[in-house]
Amino acid sequence: MHKYYHRVQNIAGNVLTIRAEGVRYGELAEVHSRRGTSLAQVIRLKGDEVSLQVFSGSRGVATDAQIRFLGHPMQVPFTDALLGRVFTGGAEPRDNGPALTDNLIAIGGPSVNPARRIIPRRMVRTGIPMIDLFNTLVESQKLPIFARAGEPYNPLLARIALQSEVDVIVLGGMGLKHDDYLFFRDTLDASGALARTVMFVHTAADPVVECLLVPDVSLAVAEQFALAGKRVLVLLTDMTNFADAMKEIAITMEQIPSNRGYPGDLYSQLASRYEKAVDFEGAGSLTILAVTTMPGDDVTHPVPDNTGYITEGQFYLRDGRIEPFGSLSRLKQLVNGKTRDDHRTIMNAMIQLYAAYRETQEKQSMGFRMNEWDGKLLKYGVRFEREMMDLSVNIPLESALDLGWAIFADCFDPIETGIHSKLIDAYWPKVAPAAN
Amino acid sequence: MADHATGKIVGVNGNMITVAFEGSVSQNEVGYARHGDMRLIAEVVRIRDRNADLQVFDSTRDLMVGSPVEFTGELLSSELGPGLLTQIYDGLQNPLPRLAEQCGFFLERGVYLTAIPRDTRWAFTPRVKAGDKLKAGETIGTVPEGMFEHRIMLPFDVDGSVQVEWVSPAASLTVMDPVARVTDPTGAKREITMLQRWPVKIPIQAFAERLRPADPLVTKIRIVDTFFPVARGGTYCIPGPFGAGKTVLQQITSRYADVDIVIIAACGERAGEVVETLREFPELIDPKTGRSLMDRTVIICNTSSMPVAAREASVYTAATIAAYYRQMGLHVLLLADSTSRWAQALREMSGRLEEIPGEEAFPAYLESVIAAFYERGGLVRLHDGSFGSITIGGTVSPAGGNFDEPVTQSTLKVVGAFHGLSRARSDARRYPAIDPLDSWSKYAPVVPAELVETARELLRKGSDVGQMMKVVGEEGTSIDDFTTYLKSEYIDSVYLQQDAYHEVDCATPAERQREVFTLIAGILQQSMTFTDKTAARRFFHQLTQTTRDWNRTAADTPEFKELQKKIEQMVAEVASHA
Ligand SMILES: Nc1ncnc2c1ncn2[C@@H]1O[C@H](COP(=O)(O)OP(=O)(O)OP(=O)(O)O)[C@@H](O)[C@H]1O
Ligand SMILES: [Mg+2]
């Protein structure tokens, strides 16, 4: 029934153009060439000219390639048998397991009706004070980790995945180093989490178009698990590679770039993926943590910039620590009012004083004389960095709050913390350790 | 229907289709692309020879060359009538809760529902009688809609003056029932219902004259009302980098602003933010009216993962509904978040049309489109002498947080107030993060303007001293300069900053702003003597603490007066007497 076409007119980048009729916008085709068979997707129709984006790239595709249209868009299997398995961006097995063909679902499906969304309400506990206390992660949140290349963002992702109580982990790797892929697999395996994990992995050695598919494939599967009542955590690393893949395709398609070569729809493209994060009333939820590396450590670079405008906050990872400044969980106030009544106050007061510490530190480095107040701040800042910021600290939220009061009492008079009098009465440690 | 054009798709590129048509097609006309049983709504954006380019307000997946397109002869329009308030619409005015009833969790393509319920009955009271002459926009009768007297008006598209031939007596009617019959000077008759349609891209002009905005629109946000006020019928913008607090600022404004009606246009931003509003508003009671906030609100919600083309429609739909209520002599506030997303939608379409790009690939007409949008705000005198207004506040999301980009710059040229959010302030958690030195407003504040000037002067000086101290250190700074610096930090902490999540501090009425600001301005002008800088710092620590406690105390309590006295005493103790 499906007819073969063989007159390839044009090959540019990963896009080839043929003449064909009755083709649907967005449908898939198989491209058979001497190099093998690849999937491709229809990305433009113009009269009888059909432009196809070839998943495995056009390298080696000849003008005599045979093309067969499949009549449906990109699909992935959805079954419990996905768990514990590793696939490519094109949803082909990457481990030695069998191909899955059951229960195929379309990727890039419609968005959730805002009227059916609910206000997120459950905290995701990670045991990391910089998250739990200062920037609480919330179920159904979408949050990127902004980092320079070389920061330990993948270990951080893995740690959060292991410590948070979720039912299913979906890992989408884009341009991942092979070693990093093995790191994830081995870490999850060692803790027994692999059995509740599905991985869609594109490595730096794989065709660039497959990189483009990773978020959609991962999120489509995650969404189905969430609809089936599971609490799903989706880890995407690295979204900058995804954006760069889009840039590459856009340039091939001769689109006018808007900003540093990126296509004008970068925001919409990223948003349609991140907005998949959701809490389904009466079913499960989908939370997204995504690494976005910052080229040149520049947050105003189009990829982190557009991401920041989409996500519900961001974590900055710098020098192996989550930066208190700039890092923000925008959903934290939905849950941190229900934890302990001093949570918000401690959070604000500690950050404001840490900011003051940084200023003092700057003055000190310029050789200015330190006054009594500066002395207090310097003492505080050191304790804060060592006991709160260090990523090796692994304590529950309540202990972190108690620790906050203890640090305050050790460094300041109550009045200097700017904390509301009523809370001081309730929480300020009664017998402060002798200062100095 | 026979006289409407038809066509066939000859090209598909993203959400743009090219259609070869027969018959006559007009710019911005609505057409439907057929795919099997499904009809996808689209709008003509360009016509070249016998080909029209249409932007499709839905995913174009599965469309084929040769698929039929039916044109409608109508421009993209909104439904207007009683029943708009409390609704949650998408950019094309589809009611989202009813869509959810029909389709479940997800937005299904090609499902379009009527915006205004057809079966609700409204208690109609006529205001005219047979023989009366009427112009477009004049009242035929009224129905109660929540707390408002909703005017049923002669449709805005009526030309000149018409004569009432028949009007319905007081009755319980649906929006489809006739309420009047009128005859125009040529003798043509027209039946009027409570429902009318109006093309969203054309402003409604059925008023006597436009006036200059004069009265303040009290937002109860201190830094706004006192320093950078907004006027009823004015326009303002909130540019800021991501996370600086644009949306939160609009959310608190939508709650506390002293207006009759709020239209929220969530344009290309996060769905979750709208959810907070639509879940919370029905529960929140507006102290002024004793009714739920939802009763005065309409939400137009075309969030970032919804069809991009409908973003543009969403701001125009919002402006059209705003104008409809303004025609009833009401004060309407339209909040659009974010106008940059709408500008980006224009850019995407412009790119597909292969137009010559301007700066950052935005189309050359960006500036005039933005200007025309803000022009839809304004204060007007209606034909019956009453006043109505639309105030427009739009957020701007500049790339890289740099205001020197086309959308921010085009917006600054046309608005009456600029609330620029700064990354430095939001990082320091100084909310709302409106920059007190860069922002401006052309409107009048709720407190005496001279006092504001004094305070701004002090803020400028304080900031200069702060800069200088970074270089010369505290020891190189004179005690007087140091005190100025502490004063500027003081007014920043206790007046410019405001806790959006505290039940009292979240909203400061105009009266309280006058009282508090007068006292604080007095403190700023007071010369003070301190033994040394540590004493000065300690004093201001304490004063800040007490004033913050004061901010968190309800105005009608004895505690409020006590704290005020305490502040005055504290200041008196350090006052230097020349
Ligand atoms: N007035 C405020 N009081 C307390 N916190 C605030 C305030 N304004 C903003 N925030 C904090 O900053 C976060 C981001 O604010 P908001 O969502 O308004 O930013 P935005 O400027 O709209 O960002 P974007 O451009 O990404 O949409 C909030 O989630 C909240 O944590
Ligand atoms: Mg926002």
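Residues numbered from 1 in each chain as written. Chains lettered and ligands numbered in written order. Predicted model: local features only at pLDDT ≥ 70, side-chain atom pairs only at ≥ 80, totals over all residues. Heavy atoms only, no water.

A few words on the overall build of chain B. Along its length, chain B carries 14 helices and 28 strands. Here chain B has a C-alpha radius of gyration of 27 Å; the compact-globule value for 578 residues is 25 Å, and the two agree. Its C-alpha atoms put chain B at 90 × 55 × 40 Å along the principal axes. The buried share among the 578 residues of chain B stands at 61%. In chain B, once contacts between residues fewer than 6 apart in sequence are set aside, the share between residues at least 24 apart is 70%. Per element, the accessible surface of chain B, about 21800 Å² overall, is 51% carbon and sulfur. Within chain B, the 75 negative side-chain charges are centred at a point lying 1 Å from the centre of the 61 positive side-chain charges. (Helix = DSSP H or I, 4+ residues; strand = E, 2+ residues; numbered from the N terminus. Rg over C-alpha atoms; globule rule 2.2 N^0.38 Å. Buried < 20%, exposed > 50% of the residue type's maximum accessible area, 1.4 Å probe, protein only. Contact = heavy atoms within 4.5 Å. Areas by Shrake-Rupley, 256 points an atom, 1.4 Å probe, with all protein chains shown as cover. Lys, Arg positive; Asp, Glu negative; His and termini not counted. Charge placed at Lys NZ, Arg CZ, Asp CG, Glu CD.)

Here we come to the domain arrangement of chain A. All names here are of chain A. Each assigned domain of chain A is listed here: domain 1 (4-73), domain 2 (76-333) and domain 3 (343-427). On the domain 3 side, the residues contacting the 23 residues of domain 2 number 22 residues. Together, the buried faces of domain 2 and domain 3 total about 1900 Å²; carbon and sulfur atoms form 64% of this surface. At the junction of domain 2 with domain 3, the criterion picks out 2 salt bridges. For Glu323, the salt bridge identified is with Arg358, shortest N-O distance 3.3 Å. The interface formed by domain 2 and domain 3 includes 8 residue pairs in polar contact (both at pLDDT 80 or more). Elements represented by at least two residues in the side of domain 2 that touches domain 3 include exactly α1 (129-132), α2 (153-163), β22 (321-322) and α8 (332-335). Broken down by class, the residue content of the side of domain 2 that touches domain 3 amounts to 11 nonpolar, 6 polar and 6 charged. (Domains from an automatic or database assignment. Buried area = accessible area lost by both parts, 1.4 Å probe. Salt bridge = Lys/Arg side-chain N within 4 Å of Asp/Glu carboxyl O. Polar contact = N/O pair within 3.5 Å; in protein donor to acceptor, adjacent residues only side chain to side chain. Nonpolar A, V, L, I, M, F, W, Y, C, P; charged D, E, K, R; others polar.)

Further remarks concern the sheet that holds strand β14 (residues 171-173) of chain B. All names here are of chain B. Strands sit in the order β12-β11-β9-β14 across an open sheet of 4 strands; the sheet is antiparallel. Of all the strands in the sheet, the pair left with one neighbour each is β12 (148-153) and β14. The sheet shows a mean angle of 40° between the axes of neighbouring strands, direction not considered. Relative to β14, strand β9 (residues 122-126) runs antiparallel, the two sharing 3 bridges. Looking at β14, one finds that Phe124 is bridged to Ala171. (Pairing = 2+ DSSP bridges. Axes fitted to C-alpha atoms, helices over the stretch in contact; angles between N-to-C directions.)

Together, B:Met468, B:Val471 and B:Val472 make up a nonpolar patch on the protein surface, roughly 240 Å² of accessible area in all. Here B:Val472 lies in helix α10 (residues 449-472). (Patch = residues over 30% accessible without salt bridge, like charges linked within 9 Å, V, L, I, M, F, W, Y side chains within 5 Å.)

All names here are of chain B. Among the nonpolar cores identified, the biggest contains 80 residues, and Ile263, Tyr325 and Leu334 are the most heavily contacted of them. Considering every element that reaches this core, the biggest residue donor is helix α5 (residues 309-326), with 12 residues. Each residue touching Tyr325, except ones within four places of it in the same chain, is listed here: Gly81, Leu84, Leu85, Glu145, His150, Ile261, Leu330 and Val332. (Core = buried A, V, L, I, M, F, W, Y, C linked by side-chain atoms within 4.5 Å.)

Residue and element names in this part refer to chain B. Tallying each qualifying case throughout the model produces 8 cavities of 30 Å³ or more. The computed volume of the largest cavity comes to approximately 160 Å³. Residue lining of the largest cavity: 15 residues in total, with Thr247, Gln251, Ile264, Ala266 and Asp337 positioned closest to the centre. Put simply, the parts of the chain that give the lining of the largest cavity at least two residues each are α3 (246-256), β20 (261-267), α4 (271-280) and β24 (331-337). Top contributing element to the lining of the largest cavity by residue count: α3, with 4 residues. (1 Å grid on protein atoms, 1.4 Å probe; cavity = no way out; pocket = protein on both sides within 12 Å on 5 of 7 lines; lining within 4 Å. Points joined across faces, edges and corners; volume = space filled by probe spheres on them.)

Okay, the packing of α10(B) against helix α11 (residues 479-496) of chain B next. Between two packed helices, the angle of one axis relative to the other and the distance separating the axes together describe the packing. All names here are of chain B. Between α10 and α11, whose axes approach to 8 Å, the crossing angle comes to 120°. Taken together, α10 and α11 sit at an angle that is classed as oblique. Between α10 and α11 the crossing geometry is left-handed. Together, Ala455, Leu458, Leu459, Lys461, Gly462, Ser463, Val465, Gly466, Met468 and Met469 of α10 and Asp481, Phe482, Thr484, Tyr485, Lys487, Ser488, Ile491 and Leu496 of α11 make up the contact between the two elements. (Parallel < 35°, antiparallel > 145°, perpendicular 65-115°, else oblique. Left-handed = near helix turned anticlockwise from the far one by under 90°.)

To continue, consider the pattern of salt bridges. Taken as a whole and judged by the stated rule, the model has 67 salt bridges over all chains. Between A:Arg148 and A:Asp319 there is a salt bridge, with the nearest N and O atoms lying 3.8 Å from each other. Taken as a pair, A:Arg148 in the loop between β13 (142-147) and α2 and A:Asp319 in the loop between β21 (313-318) and β22 lie far apart in primary sequence, 171 residues in all. Salt-bridge contacts for B:Glu269 lead to B:Arg341; the nearest nitrogen and oxygen are separated by 2.9 Å. Placement of the pair is B:Glu269 in the loop between β20 and α4 and B:Arg341 in helix α6 (residues 339-352), with a sequence separation of 72 residues. Sharing partners across several salt bridges, the network here consists of A:Lys379, A:Arg383, A:Arg386, A:Glu387 and A:Asp410.

The next point concerns the sheet that holds strand β10 (residues 133-135) of chain B. Residue and element names in this part refer to chain B. Reading across from one edge, β10-β13-β15-β16 is the order of the 4 strands in this open sheet, with antiparallel pairing throughout. Two strands lie at the open edges of the sheet, namely β10 and β16 (189-193), each paired on one side alone. Here the strands of the sheet are splayed against their neighbours by 45° on average, with no regard to which way each runs. Where β10 meets strand β13 (residues 161-167), 3 bridges bridge the pair, whose relative direction is antiparallel. Following the sheet pairing, Leu134 is matched in β13 by Val162.

Segmentation of chain B into domains returns domain 1 (6-75), domain 2 (80-112 + 208-441), domain 3 (122-194) and domain 4 (449-574). Centre-to-centre separation of domain 3 of chain B and domain 4 of chain B, based on C-alpha positions: 57 Å.

Take the site of ligand 1 next. Of all residues adjacent to ligand 1, which total 19 residues, the nearest are B:Gly243, B:Lys246, B:Thr247, B:Val248 and B:Arg270. Contacts to ligand 1 include A:Arg330, whose side-chain N or O atom sits 2.8 Å from an oxygen atom. Take B:Thr247: an N or O atom from its side chain is 2.6 Å from an oxygen atom of ligand 1. In isolation ligand 1 has 620 Å² of accessible area, and contact with the protein removes 94% of it. Class assignment for the residues of the shell around ligand 1 results in 9 nonpolar, 5 polar and 5 charged. (Near = heavy atom within 4 Å.)

Okay, helix α12 (residues 510-525) of chain B next. The end-to-end C-alpha distance of α12(B), which contains 16 residues, comes to 22 Å, matching closely the 22 Å that a straight helix rising 1.5 Å per residue would cover. For α12(B), the set of buried residues is B:Ala510, B:Arg512, B:Gln513, B:Val516, B:Phe517, B:Leu519, B:Ile520, B:Ala521, B:Ile523 and B:Leu524. (Expected span 1.5 Å × (residues − 1).)

Residues and elements named next belong to chain B. Per the stated rule, a full pass over the model turns up 40 aromatic pairs over all chains. With centroids separated by 6.2 Å and ring planes inclined at 70°, the aromatic side chains of Phe21 and Phe71 adopt a geometry described as edge-to-face. One end of the pair, Phe21, is in strand β2 (residues 16-22); the other, Phe71, is in strand β6 (residues 68-75), with 50 residues separating them in the sequence. Here the two residues Phe21 and Phe71 agree in accessibility, since each one is buried. With centroids separated by 5.1 Å and ring planes inclined at 80°, the aromatic side chains of Phe539 and Phe540 adopt a geometry described as edge-to-face. (Phe/Tyr/Trp six-rings, centres within 6.5 Å; stacked < 30°, edge-to-face > 60°.)

Here the focus is unusual backbone geometry. Omega for the peptide link from A:Thr237 to A:Asp238 comes to 10°, which places this bond in the cis form. The residue A:Asp238 is located in the loop between β16 (231-237) and α5 (239-252) in this model. The omega torsion across B:Tyr431 and B:Pro432 is -10°, close enough to zero to call that bond cis. With respect to the helices and strands, the residue B:Pro432 is situated in the loop between α9 (423-427) and β28 (440-441). With phi around 85°, A:Ser140 is a residue other than glycine that occupies positive phi space. Structurally, A:Ser140 is set in the loop between β12 (137-138) and β13. At B:Glu354, a residue that is not glycine, the phi angle is positive and equals roughly 55°. Tracing the sequence through the fold places B:Glu354 in the loop between α6 and α7 (366-374).

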